[in-house]
Amino acid sequence: MVDFHTHSTFSDGVKTPTELAGQAAAAGIAAIALTDHDTTDGTAEFLKACSEHRGLTGVAGVEFSAESDRGSLHMLGLGVDASNPALCEMLTRIRDSRDERNRRILSALNSLGYSLTWEEVEETAGGDVMGRPHFAQAMIRRGWAESISEVFERFLSRGAPAYVSRFHPSPEEVIALVKGAGGVVSVAHPVSWSMDEEFLREKFKTFAALGLDAIECYHPRVGNKARAMLLRLAGELGLLVSAGSDYHGIESDDRLGAPDKPPEGLAEPLLARMSPYGISRGN
Ligand code: AMP
Ligand code: FE
Ligand code: FE
Ligand code: ZN
């Protein structure tokens, strides 16, 4: 079993990198990537923890939210050298823009009559990348909503009253950065971007020419029909196939290990392209 998409306390997950590694080993996972949103700060701890479990390969990754002409597209950098200066600089820039946006979300909620404090949101965030899901959790704690998606719909989604935009890199920038840091670039859960096969074919063709390595075809939000389409596109364009759970440890159905039984040989060609600084192998 493999899992190339997970989140820890360094972004919006609830398990520490060390806990994730332990859970992966216990679940019999052979290779697992930590892909926190906009940070690689948890990856050193994660690689070390993975190296302490026999047979467990750890991968240092990161998830970007890129902004395209058709909305937000998530991209994974897998097996990156986390000390790469250009990568660090971009991640700092994104997090700074996030901080400023978060302050503005808080004042928007306050003006709407929800007296949330910075400390409360920080408490739900724990680590260093605070985001909208943490605002949602804090709103739920106060009893102002019942679910994360409800908070998004009523307050935080684009067009809702407490929505505030922030800086996002373009997909092209993300590809260049991740390749520069020695990593594999994969498009995460592409169906959240578009379900239009023709559109995806054209975009992926362009991205492939720039260095895109893989498409995440196995993901909880990718259904059977969509997966068939994505596998077809990967085959046509000569792209590798990636697989992940997007584990955050929050929802009760969150489970480590990519869903829908990805083929056994999926991991090796991906691992073979990653920076040696972005991988650890337990022995
Ligand atoms: P941020 O990066 O702080 O802007 O928050 C984006 C994150 O919020 C995404 O990565 C998702 O995990 C989550 N998210 C976005 N839209 C929704 C939604 N409608 N319902 C629940 N979670 C969402
Ligand atoms: Fe997330
Ligand atoms: Fe995502
Ligand atoms: Zn994710």
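Notes on the structure follow. Quick caveat, the model's predicted, so the values are computed rather than measured.

A few words now on the environment of serine 11. By secondary structure assignment, the location of serine 11 is in the loop between strand E1 (2-3) and helix H1 (17-26). You can call serine 11 buried: its relative accessible area is 1%. Residues serine 11 and glycine 22 lie eleven residues apart in sequence; the distance between their C-alpha atoms is 18 Å. For serine 11, the residues in contact, after removing those within four places along its chain, are Asp36, His37, Ala125, Val129 and His134.

The next point concerns the site of ligand 1. All residues adjacent to ligand 1 are His37, His74, Arg98, Arg101, Gly131, Arg132, Pro133, Ile148, Ser149, Phe152 and Arg166. Contact between ligand 1 and arginine 98: an oxygen atom at 2.7 Å from a side-chain N or O atom of the residue. Contacts to ligand 1 include arginine 132, whose side-chain N or O atom sits 2.7 Å from an oxygen atom. If ligand 1 stood free it would expose 500 Å²; the protein chains cover 71% of that surface.

What follows concerns the coordination of the zinc ion (ligand 4). At the metal site, the zinc ion (ligand 4) is ligated by His5 (NE2), His7 (NE2), Glu63 (OE) and Asp246 (OD), and these contacts range over 2.1 to 2.2 Å. In this structure, the zinc ion (ligand 4) is surrounded by four donor atoms whose angles at the metal cover 82 to 171 degrees, and the resulting shape is irregular. Written as a sequence motif, the donor residues of the zinc ion (ligand 4) are H-x1-H-x55-E-x182-D. The two metals, the zinc ion (ligand 4) and the iron ion (ligand 2), are separated by 4.6 Å. With glutamate 63 in strand E3 (residues 57-68) and aspartate 246 in the loop between strand E7 (240-243) and helix H10 (267-272), this pair connects stretches of sequence that are 183 residues apart. Taking relative accessible area as the criterion, glutamate 63 reaches 1% and is therefore assigned buried. For aspartate 246, a relative accessible area of 9% puts it in the buried group.

Our focus in this paragraph is the nonpolar core. If you look at the biggest cluster of nonpolar residues, it comprises 55 residues, and the most contacted ones within it are Phe4, Phe64, Phe204, Leu230 and Met274. Per element, the largest residue contribution to this core is six residues, and it comes from helix H9 (residues 224-237). Leu106, Ala108, Tyr114 and Phe135 belong to the second-largest nonpolar core, a separate cluster that totals 21 residues.

One pass over the structure, following the stated rule, counts 19 salt bridges. One salt bridge in this structure joins lysine 48 and glutamate 52, with 3.1 Å as the shortest N-O distance. This pair shows no difference in class: lysine 48 is exposed, exactly as glutamate 52 is. With a closest N to O distance of 3.2 Å, glutamate 123 and arginine 141 form a salt bridge. Of this pair, glutamate 123 sits in helix H4 (residues 118-125) while arginine 141 sits in helix H5 (residues 132-141), placing them 18 residues apart in sequence. By the burial criterion, glutamate 123 is exposed, and arginine 141 matches it. Counted as one network, the salt bridges with shared partners bring together Glu197, Glu198, Arg201, Arg232 and Glu236.

Calculation rules
Residues numbered from 1 in each chain as written. Chains lettered and ligands numbered in written order. Predicted model: local features only at pLDDT ≥ 70, side-chain atom pairs only at ≥ 80, totals over all residues. Heavy atoms only, no water. Helix = DSSP H or I, 4+ residues; strand = E, 2+ residues; numbered from the N terminus. Buried < 20%, exposed > 50% of the residue type's maximum accessible area, 1.4 Å probe, protein only. Contact = heavy atoms within 4.5 Å. Near = heavy atom within 4 Å. Polar contact = N/O pair within 3.5 Å; in protein donor to acceptor, adjacent residues only side chain to side chain. Areas by Shrake-Rupley, 256 points an atom, 1.4 Å probe, with all protein chains shown as cover. Donors = N, O, S within 2.8 Å, 3.2 Å for Na, K, Ca; no water. Tetrahedral: all angles 85-135°; square planar, octahedral: opposite > 155°, others 65-115°. Core = buried A, V, L, I, M, F, W, Y, C linked by side-chain atoms within 4.5 Å. Salt bridge = Lys/Arg side-chain N within 4 Å of Asp/Glu carboxyl O.

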